Amino acid sequence: MMNTNKPHQASLHDVVSCQSDYDPAALPVQQAQQIIQQFIAPIHAIEKLAIRQALGRVLAADIVSGINVPAHDNSAMDGYALRGGDLAPDANTELNIIGTAFAGRAFDGEVSQGECIRIMTGGVMPRHCDTVIPQEFTLHASELAVTIPAGKIKPGDNRRLKGEDLMQGKTALLQGKILRPADLGLLASLGIAEVPVQRRLRVAFFSTGDELRSLGETLDEGCVYDSNRYTLYGMLQRLGCDVIDMGVIKDEPAALKDAFRSACENADAIITSGGVSVGAADYTKQIMAELGDVAFWTIGMRPGRPMAFGKIHSHGKHAYLFGLPGNPVAVMVTFYFLVRDALLHMMGAKCPALPLVRAASRSIIRKRPGRTEYQRGILSVGSDGNLQVAITGSQGSGILRSMSEANCMVVLQHDQANVAAGEAVDVMLFEGLL
Ligand code: AMP
Ligand code: MG
């Protein structure tokens, strides 16, 4: 596996200075997304994998069809292959049956005028035949002859054309595609057993906060179990990253510095949670700033206002840093709307933006213009057949249950104000089919 992790040239300062009205203390979501996208660079490291192992991985080169799929014109139905020109325009047509084509076993004779053959789905179309009459459309079929009712089919019907799925010499899959089940099948249909993919992105993460306890520890008074490491683990796994869980790091300068350095030396990206709020009484921000090029933002979003972003260095290695807020829902929302695309870009993935659908809000939603709000919702089909969305109870940024119960995010845009009951809102679904 080759690995050429090229250092990125532009500093964060260079990137933000290209933004008009950059204000780290009031940064709209869209602007934060742009800065992140511009600052980070994809990794360049490719490995070859058997196609099953490549599921969920990022394709590292275009795949060109070496063959036509299907290789020959063939039948889409079980029935009779015939010459379209033989079909009488206004009367039944009777044809003599002179042979049979099975899938994988072609008929090697010649079909003359007034003749046809029995053919199975996938059977190769004999020369001169361009049409198939499905079995169930025929009248009086015997061993020797078949009668085709007038007007039931047109010349060319029920024939699959050579190369209609994949044409030899054409690009079948584009570099940057995240391989899904259909793509594995498509590669197999081309006879391709191995593909080049980007190596997995390595992402280290840890939680900061003296009040945090790990599973198995006693929950002392005023303490909480660390849940962020588990949501982060899940989100990163789903994205196909290699994860390095570094545990809870105490709020001590030396411990934090060691953790950041070690993460930087072993990972492409680092995600931390906690300790980045305005006026936070801990050392996290100070250490981040010491180790590299890091900006501290207050983002116009809810939940998830504070965030640190940049690149840190240690012993000649570098890693991108996403310092997320501590509140459990804020971690998930900032991950999905600020980190996810960045990691995909680092992975070399080229995927279309996730679609927003419009649904009628079942209730009033209070919303102040000037920030993007991500409320957790349940999308369903109402009795009128239209999409509707209900908010999952209390939307506090510490209420993880609101995420767990939801099946979608209601995205209330930056300039949007209060939403009336029945008004359409933007919704992003959590789950897909594939
Ligand atoms: P902070 O951003 O560090 O000020 O934390 C904000 C809130 O999130 C506090 O109530 C923390 O206790 C809580 N919090 C921070 N980190 C975690 C974590 N890893 N798991 C659960 N709650 C957390
Ligand atoms: Mg904290």
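The residue count restarts for each chain, going from 1 along the sequence in the order it is written. All chains are assigned letters beginning at A, and all ligands numbers beginning at 1, according to the order in which they are written. Totals for whole chains, interfaces and linings use all residues, but because this is a predicted model, local features are given only for residues with pLDDT of at least 70 and pairs of side-chain atoms are given and counted only at 80 or more. For the side-chain quantities, the full set of heavy atoms in the structure was used; hydrogens and water were omitted.

K.L.:
How would you sum up the site of ligand 1? Please name residues and give values.
P.N.:
Around ligand 1, a shell composed of 14 residues is seen, among which E211, D226, S227, G275 and G326 lie nearest. Here a polar contact is taken to be a pair of N or O atoms separated by no more than 3.5 Å, where protein atoms must pair a possible hydrogen donor with a possible acceptor and residues adjacent in sequence count only if both atoms sit in side chains. Here an oxygen atom of ligand 1 and a side-chain polar atom of E211 are 2.6 Å apart. In this structure, N327 approaches ligand 1 through a main-chain N or O atom, which is 3.3 Å from an oxygen atom. Gly is put with the polar residues, along with every residue not named as nonpolar or charged; the nonpolar set is Ala, Val, Leu, Ile, Met, Phe, Trp, Tyr, Cys and Pro, and the charged set is Asp, Glu, Lys and Arg. Within the shell around ligand 1, the residues separate by chemical class into three nonpolar, nine polar and two charged. Throughout this document, a residue counts as near a molecule or strand when at least one of its heavy atoms sits within 4 Å of that molecule or strand.

K.L.:
Can you lay out the pairing of strand β9 (residues 145-148) for me, pointing to particular residues and giving the numbers?
P.N.:
Alternating residues of β9 divide into A145 and T147 and V146 and I148, and every residue in both groups is buried. Strands pair, by our definition, only if DSSP identifies at least two bridges between them. A helix here means a DSSP run of H or I that spans at least four residues, while a strand means a run of E at least two residues long, and both kinds are numbered starting from the N terminus. Here strand β6 (residues 93-101) pairs with β9 via four bridges, running antiparallel. When the sheet's bridge partners are listed, L95 is paired in β9 with V146. In this scheme, a residue with accessible area under 20% of its type's maximum is buried, one over 50% is exposed, and one in between is partly exposed, where area comes from a 1.4 Å probe on protein chains only.

K.L.:
Could you give me a rundown of the packing of helix α2 (residues 29-39) against helix α7 (residues 328-346), with the residues and numbers involved?
P.N.:
Running from amino to carboxyl end, α2 crosses α7 at an angle of 25°, the nearest separation of the two axes being 10 Å. Here α2 lies roughly parallel to α7, going by the angle between them. As for how α2 packs across α7, the hand of that crossing is right-handed. Taking contact as the criterion, the partners of V29, A32, Q33, I36 and Q37 in α2 are, on α7, F337, L338, D341, A342 and H345. Partitioning the contact of α2 with α7 into residue classes produces six nonpolar, three polar and one charged. To get an axis, a line is fitted to the C-alpha atoms, and for a helix only the part in contact is used. The angle between two axes follows their N-to-C directions and goes from 0 to 180 degrees. Every angle not falling under 35 degrees, over 145, or within 65 to 115 is termed oblique; those three ranges are roughly parallel, roughly antiparallel and roughly perpendicular. Crossings are assigned a handedness: left-handed for a near helix turned anticlockwise from the far helix by less than a right angle, right-handed for a clockwise turn. The contact criterion used is simple: two residues touch if any of their non-hydrogen atoms lie within 4.5 Å.

K.L.:
Lay out the packing of helix α4 (residues 228-239) against α7 in plain terms, naming residues and giving numbers.
P.N.:
Running from N to C, α4 and α7 cross one another at 25°; their axes reach a closest spacing of 11 Å. Classed by the angle they form, the pair α4 and α7 counts as roughly parallel. Along this stretch, α4 crosses α7, giving a crossing that reads as right-handed. Only P328, V331, M332, F335, Y336, R340, L343 and L344 of α7 make contact with α4, whose side of the interface consists of N228, T231, L232, M235, L236 and L239. By residue class, the composition of the contact of α4 with α7 is eleven nonpolar, two polar and one charged.

K.L.:
Describe unusual backbone geometry, naming the residues involved and giving the relevant values.
P.N.:
Going from V69 to P70, the amide bond is cis rather than trans, its omega being -5°. Following R302, the chain continues to P303 via a peptide bond in cis, the omega torsion being -5°. By the element assignment, P303 lies in the loop between β18 (292-302) and β19 (306-314). At H140, a position not held by glycine, the phi torsion is positive, near 40°. What makes H140 exposed here is its relative accessible area of 65%. A positive phi is found at N158, a non-glycine position, where the angle reads about 60°.

K.L.:
Pulling in residues and values, what's your account of the packing of aromatic side chains?
P.N.:
Think of a pair of aromatic rings as described by two things: how far the centres are apart, and how the planes are tilted against each other in angle. Aromatic pairing here means that ring centres of Phe, Tyr or Trp (its six-membered ring) are within 6.5 Å. Orientation follows from the plane angle: under 30 degrees is stacked, over 60 is edge-to-face, and everything else is tilted. This structure, assessed with the given rule, holds seven aromatic pairs. Look at F39 and F309: their rings are 5.7 Å apart centre to centre, the planes differ by 80°, and that puts the pair in the edge-to-face class. With F39 in helix α2 and F309 in strand β19, the pair connects residues that are 270 residues apart, well separated along the chain. Judged by centre distance (5.0 Å) and plane angle (70°), the rings of F206 and F260 are edge-to-face. Here F206, found in strand β13 (residues 202-208), pairs with F260, found in helix α5 (residues 253-266); they are 54 residues apart in sequence, far enough to count as distant. Above the face of the F137 ring, K152 is positioned so that its terminal group lies 4.8 Å from the ring centre. In our convention, an over-ring charge means Lys NZ or Arg CZ found within 6 Å of a ring centre and within 35 degrees of that ring's normal.

K.L.:
Can you break down α5 residue by residue, with the values?
P.N.:
One less than the number of residues in a helix, times 1.5 Å, gives the span that helix is expected to have. For α5, built from 14 residues, the straight-helix expectation of 20 Å at 1.5 Å per residue is met to within 8% by its first-to-last C-alpha distance of 20 Å. By the burial criterion, the buried members of α5 are L256, A259, F260, A263 and C264. One side of α5 holds all its buried residues, which, seen down the axis, span an arc of 125°. Pointing more than 90 degrees away from the buried face of α5 are the exposed residues A254 and D258. The inward-facing, buried residues of α5 abut β13, β16 (242-249), β17 (269-273), α6 (284-291), β19 and β20 (317-324). Directions pointing from the helix axis toward each C-beta atom define the arc.

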